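Examining the three-dimensional arrangement
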Amino acid sequence: MQYREMKKLGMAPSLLGFGCMRFHCEGGDLNAAILEEEAEALIDRAMAAGVNYYDTAYPYHNGQSEPFLGRVMRKYDRSTFYFATKLPIWQIETREDAVRCFEDQLARLQTDFIDFYLIHALNAARWEKVQKLGLIELFEGYKAQGKIRAFGFSFHDTYETFEKILTAHDWDFCQIQLNYLDAGIQAGVRGAQLCEARGVPLVIMEPLKGSALATLPDGVTAPMRACHPDRSAASWGMRWVAGQPAVHVILSGMNTPEQLEDNLATLSEAAPLNAEERAIVEQVADEVRHRVKNGCTNCQYCMPCPFGVNIPFNFGIWNIYGIGGDLDYARRRYAATADSEKASVCKKCGACEGKCPQGIHIREDLAALAAELG
């Protein structure tokens, strides 16, 4: 396993980080009970392979992720791994709310300190709240007490907003969405370059766009397979991210042994893409951009829908159709979806749209999906 030292912090996280928001759950619902035996086996294998960065958050798995991770990691020496977790800023209305949440997180994780603490999913409006409530001062205080080792933020908004936030404080690190399909959106490659210039270590989420770049059809990945027949589509995406400036950790929400082993093999070496390989990645990215229906990453932040629509599942079918082009298959999948969960059930209340980190026009896209596949 590769380790990229954060010299300013005296910490050396593994290049591969374990994202703890996509464990297998009962019925495939990320808000249902985690299949704990299966998830623990994956963590044990990751620890044995040298993965030392474990990323969770207060709301993941409907609040189950932090307590589960705390129980599992008790068997390991605390000095052999890093906990990363996040403050759900959209649930915080007062400074006291933030204090209660942080103390609850320490208890959930069964730890006296958190290695990497982030304000979760900052955008322009949430940044104003952070400043109004004095949360930077609060958490810098916890850092001075030794309860936080590194303080940062995760981000979903425009590059301009990212630049404003990044330059407003001496952050220890930050976390952004970055993959070869989304290089020019949100903070993007420009944000990674700004972090490099300011010496801010980067943690990357969505390196494979919620597995979309790992499950591309053969017709799209043909150039990759022609170049390296033995490498997965996922490995191309992970190597692309590993070659970006300032990147120290790449998070992957691994929920099968196969995914874990492929990432371990890729990021134990992580040789930068050469010029030929970079051209192939851009060719594949162009093809996917022409085909994809929308930017859903199956993060499920939009869930639950007040009327029962399974929004990510519907968009998953729609995007598979867009990329693969098999309309008959997509219509069969949509027809087999429970009537109560179909896109056609949408009442256009809009409760989902403010929660979507991708800024998707969910109501409009659900209507288009229902018309196309219904």
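Scroll up to find the structure this text is about.
Model, not experiment: these values are computed from the prediction.

Definitions and cut-offs
Residues numbered from 1 in each chain as written. Predicted model: local features only at pLDDT ≥ 70, side-chain atom pairs only at ≥ 80, totals over all residues. Heavy atoms only, no water. Phe/Tyr/Trp six-rings, centres within 6.5 Å; stacked < 30°, edge-to-face > 60°. Lys NZ or Arg CZ within 6 Å of the ring centre and 35° of its normal. Helix = DSSP H or I, 4+ residues; strand = E, 2+ residues; numbered from the N terminus. Buried < 20%, exposed > 50% of the residue type's maximum accessible area, 1.4 Å probe, protein only. Contact = heavy atoms within 4.5 Å. Salt bridge = Lys/Arg side-chain N within 4 Å of Asp/Glu carboxyl O. Axes fitted to C-alpha atoms, helices over the stretch in contact; angles between N-to-C directions. Parallel < 35°, antiparallel > 145°, perpendicular 65-115°, else oblique. Left-handed = near helix turned anticlockwise from the far one by under 90°. Nonpolar A, V, L, I, M, F, W, Y, C, P; charged D, E, K, R; others polar. Core = buried A, V, L, I, M, F, W, Y, C linked by side-chain atoms within 4.5 Å. Pairing = 2+ DSSP bridges. Right-handed = clockwise from strand over helix to strand, strands pointing away. Disulfide = S-S within 2.5 Å. 1 Å grid on protein atoms, 1.4 Å probe; cavity = no way out; pocket = protein on both sides within 12 Å on 5 of 7 lines; lining within 4 Å. Points joined across faces, edges and corners; volume = space filled by probe spheres on them.

1. What about the packing of aromatic side chains?
In this structure the tally under the stated criterion is 19 aromatic pairs. In textbook terms, an aromatic cluster arises when at least three aromatic residues are bridged by ring pairs, as seen for Phe102, Tyr117, Trp127, Phe139, Tyr142, Phe151, Phe153, Phe155, Phe162 and Trp171. In this structure, Arg108 is placed above the aromatic ring of Tyr58, and the distance from its NZ or CZ to the ring centre is 3.9 Å. The residue whose ring lies beneath Arg190 is Tyr159, and the NZ or CZ to ring-centre distance is 3.8 Å.

2. Section: the side chain of Asp97
Residue position: Asp97 is located in helix 4 (residues 95–108). Residue classification places Asp97 among the buried residues on the basis of a relative accessible area of 18%. Other than its neighbours up to four places away in sequence, Asp97 contacts Gln91 and Ile92.

3. A closer look at the pattern of salt bridges
In the structure shown here, the tally under the stated rule is 24 salt bridges. Salt-bridge contacts for Glu353 lead to Arg363; the nearest nitrogen and oxygen are separated by 3.0 Å. Of this pair, Glu353 sits in the loop between helix 14 (327–336) and helix 15 (362–373) while Arg363 sits in helix 15, and the two are 10 residues apart along the sequence. What you see here is one network of salt bridges that share partners, running through Glu40, Asp44 and Lys75.

4. Structural notes on the packing of helix 1 (residues 36–48) against helix 11 (residues 257–267)
It is at 10 Å that the axes of helix 1 and helix 11 come closest, and there the two elements cross at 15 degrees. Between helix 1 and helix 11, the interaxial angle falls into the category roughly parallel. When you trace helix 1 past helix 11, the crossing you get is right-handed. Side by side, helix 1 and helix 11 meet where Leu42, Arg45 and Ala46 of the first sit next to Pro257, Leu260, Glu261 and Leu264 of the second. Grouping the constituent residues of the contact of helix 1 with helix 11 by class yields 5 nonpolar, no polar and 2 charged.

5. What to know about the nonpolar core
Within the largest apolar cluster, 90 residues are counted, with the highest numbers of intra-cluster contacts made by Phe18, Ile43, Tyr54, Phe139, Phe153 and Phe162. By residue number, the principal contributor to this core is helix 10 (residues 233–242), which donates 6 residues. For Phe162, the residues in contact, after removing those within four places along its chain, are Phe153, Phe155, Cys174, Ile176, Ala187, Gly191, Leu194 and Cys195. Val309, Ile317, Tyr321 and Tyr334 belong to the second largest nonpolar core, which has 21 residues in total.

6. Concerning the sheet that holds strand 6 (residues 173–177)
Remark on secondary structure: sheet strands pair via backbone hydrogen bonds, oriented parallel or antiparallel. One closed barrel holds the 8 strands; their spatial order is 1-2-3-4-5-6-7-8, and the pairing between them is parallel. Across this sheet, the average inter-strand angle for adjacent strands is 25 degrees, counted without regard to direction. Pairing geometry for strand 1 (residues 16–19) and strand 8 (residues 247–252), over 3 bridges, is parallel. Bridge pairing in strand 8 links Phe18 to Ser252. In this fold helix 6 (residues 135–144) packs onto strand 3 (82–87), strand 4 (114–122) and strand 5 (148–155), with an angle of close to 150 degrees to the strand it touches most, strand 5. Lying on the sheet, helix 10 is in contact with strand 1, strand 7 (202–205) and strand 8; it crosses strand 8 at an angle near 155 degrees.

7. Some points on helix 10
The buried fraction of helix 10 is high, at 10 of 10 residues. Taken residue by residue, helix 10 has Ala233, Ala234, Ser235, Trp236, Gly237, Met238, Arg239, Trp240, Val241 and Ala242 as its buried positions.

8. Describing the pairing of strand 5
Among the 8 residues of strand 5, 7 are classified as buried, and the element is accordingly described as predominantly covered. Pairing between strand 4 and strand 5: 6 bridges, direction parallel. Counterpart to Leu122 in the pairing with strand 5 is Phe155. As paired strands, strand 5 and strand 6 are joined by 3 bridges and run parallel to one another. Paired with Phe153 across the strands is Cys174, a residue of strand 6. You can see the chain leave strand 5, run along helix 7 (residues 159–166) and come back into strand 6, and the turn it takes is right-handed.

9. Overview of unusual backbone geometry
For the peptide bond that leads from Met303 to Pro304, omega is 0 degrees, which places it in the cis range. Mapped onto the secondary structure, Pro304 falls in the loop between helix 12 (275–291) and helix 13 (311–324). For Ala246, which is not glycine, the phi dihedral falls at a positive 75 degrees. With respect to the helices, strands and loops of the structure, Ala246 is situated in the loop between helix 10 and strand 8. Relative accessible area serves as the criterion here: at 17%, Ala246 is assigned to the buried category.

10. A short note on the state of the cysteines
Inspection of the entire model under this criterion finds 0 disulfides. Lacking any disulfide linkage, Cys195 is separated from the closest cysteine sulfur, that of Cys174, by 3.6 Å. Judged by its relative accessible area of 0%, Cys195 is buried. Not part of a disulfide, Cys349 finds its nearest cysteine sulfur in Cys305, a span of 6.0 Å.

11. A short note on the layout of surface pockets
The computed volume of the second largest pocket comes to approximately 440 Å³. It is helix 2 (residues 60–63) that provides the largest number of residues to the lining of the second largest pocket, a total of 4 residues. Grouping the amino acids of the lining of the second largest pocket by side-chain chemistry returns 10 nonpolar, 6 polar and 2 charged.

In short, shape yes, function no, at least from these values alone.
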